[in-house]
Amino acid sequence: MFFHGGNDSRLAGGLLESAAVATGVRLICPERPGFGRSTYQPGRVILDWSSDVEQLANRLDLGRFGLVGHSGGGPHALACAAALPQRITGVATVSSVAPPPATNRGLHPMFRVVNALMNHPHLYRTVARSQLREMSKHPDRWLGAWAKMQPADGAMFHEQPHIASMVLAEMTEAVRAGPTGLVHEASLYHRDWGFELAAIQTTTAVWHGASDRQATPAWGVVRADNIPSASLTLVEGAGHFSTLVDNAETILSEFATLTAGD
């Protein structure tokens, strides 16, 4: 299963589609509550997601399966590993956040401000709505601003415009019913996640772009240092989305190997 980021939707799974075909991996991309077509759940916490995933897996007659969590999907993948160790073959977190009180060292100043506002949902809602208006009315300007903060992503969007179009579409879909789900989830990243990283025994691959300024590489180090079974891959010159797209086949190939006997 692929868990999308905190500003994203199920359509972000399209970023992994060609890699899934190439590796023969069946890819399932559920939306979390309040994103896209998924019903908002007031008061939900990160660990609640493991129950949703278990029910989905049962409905699809899945036995054991792997998880990829990108950005805000990372904590949710780790929550499943903590709560459902018997079902999860392996976890990959890509450009993911780290639990509090992880350092903000390395964040772009704009993202540093945004992270601070996540603790104040009424203020963050204003920021989210402003971003959505910019994406909708001036997509090229939004992509240009993103490229200045994330040069590696900007280069990828320039060279592969279909990727840029896909990101715009899936982020727009995330707020189909409004930004309430997005705003609520953002506040959860900075609270107790409800489980300890040290309790995760599932094989975990931590992937992070060394030039990611939305999710600082220091967060990848925190996850790798605190999960006993974790390995860390810092990708030189890579950004927030480019780390996922450029390494998708490698990441999914590892899952194909882990689940070969299941």
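Preceding block: the structure.
Residues numbered from 1 in each chain as written. Predicted model: local features only at pLDDT ≥ 70, side-chain atom pairs only at ≥ 80, totals over all residues. Heavy atoms only, no water.

**Student:** Could you give an account of the overall build of the protein chain, with specific residues and numbers?
**Tutor:** Counting its regular elements, the protein chain contains 12 helices and five strands. In terms of overall dimensions, the protein chain is globule-like: its C-alpha atoms have a radius of gyration of 17 Å, near the 18 Å expected for 262 residues. The dimensions of the protein chain, computed from C-alpha atoms along their principal axes, are 50 × 40 × 35 Å. When the accessible surface of the protein chain is summed, it comes to about 11,300 Å², and 53% of that surface belongs to carbon and sulfur atoms. Between the averaged position of the 20 positive side-chain charges in the protein chain and that of its 23 negative side-chain charges there is a distance of 9 Å. (Helix = DSSP H or I, 4+ residues; strand = E, 2+ residues; numbered from the N terminus. Rg over C-alpha atoms; globule rule 2.2 N^0.38 Å. Areas by Shrake-Rupley, 256 points an atom, 1.4 Å probe, with all protein chains shown as cover. Lys, Arg positive; Asp, Glu negative; His and termini not counted. Charge placed at Lys NZ, Arg CZ, Asp CG, Glu CD.)

**Student:** Please provide a residue-by-residue account of the pattern of salt bridges, values included.
**Tutor:** Per the stated rule, a full pass over the model turns up six salt bridges. One salt bridge connects R10 with E31, and the closest N-O pair in it is separated by 2.7 Å. Placement of the pair is R10 in the loop between β1 (2-3) and α1 (17-23) and E31 in the loop between α1 and α2 (49-59), with a sequence separation of 21 residues. Of the residues examined, R10 reaches a relative accessible area of 24% and is grouped as partly exposed. The salt bridge partner of E134 is R141, with a shortest N-O separation of 2.7 Å. Each of the salt bridges in this network shares a partner with another, and the network as a whole consists of R10, E31, E173 and R176. (Salt bridge = Lys/Arg side-chain N within 4 Å of Asp/Glu carboxyl O. Buried < 20%, exposed > 50% of the residue type's maximum accessible area, 1.4 Å probe, protein only.)

**Student:** Describe helix α9 (residues 180-188), with residues and values.
**Tutor:** Counting buried positions along α9 yields eight of nine residues, so the element is predominantly enclosed. Among the residues of α9, those classed as buried are G181, L182, V183, H184, E185, A186, S187 and L188. Taken together, the buried residues of α9 touch α3 (73-83) and α5 (121-137). (Contact = heavy atoms within 4.5 Å.)

**Student:** Mind laying out the pairing of strand β3 (residues 88-94), listing which residues take part and the relevant values?
**Tutor:** Across the seven residues of β3, seven count as buried, placing the element largely inside the fold. On the question of chirality, the crossover connecting strand β2 (residues 65-70) to the parallel β3 by way of α3 is right-handed. In terms of strand pairing, β3 meets strand β4 (residues 204-209) through four bridges, oriented parallel. Bridge pairing in β4 places A92 opposite A205. (Right-handed = clockwise from strand over helix to strand, strands pointing away. Pairing = 2+ DSSP bridges.)

**Student:** If you had to explain unusual backbone geometry to someone new, which residues and values would you point to?
**Tutor:** If a residue is not glycine, its phi is most likely negative; likewise, a peptide bond is most likely trans. For the bond from P100 to P101, the omega torsion is 5°, close enough to zero to count as cis. Positionally, P101 belongs in the loop between β3 and α4 (109-117). Even without glycine at this site, D61 takes up a positive phi of about 60°. Tracing the chain through its elements places D61 in the loop between α2 and β2. Note on D61: relative accessible area 71%, which makes it exposed. Non-glycine residue S71 carries a positive phi angle of around 55°. Relative to the helices and strands, S71 resides in the loop between β2 and α3. Exposure remark for S71: the relative accessible area of 11% places this residue in the buried category.

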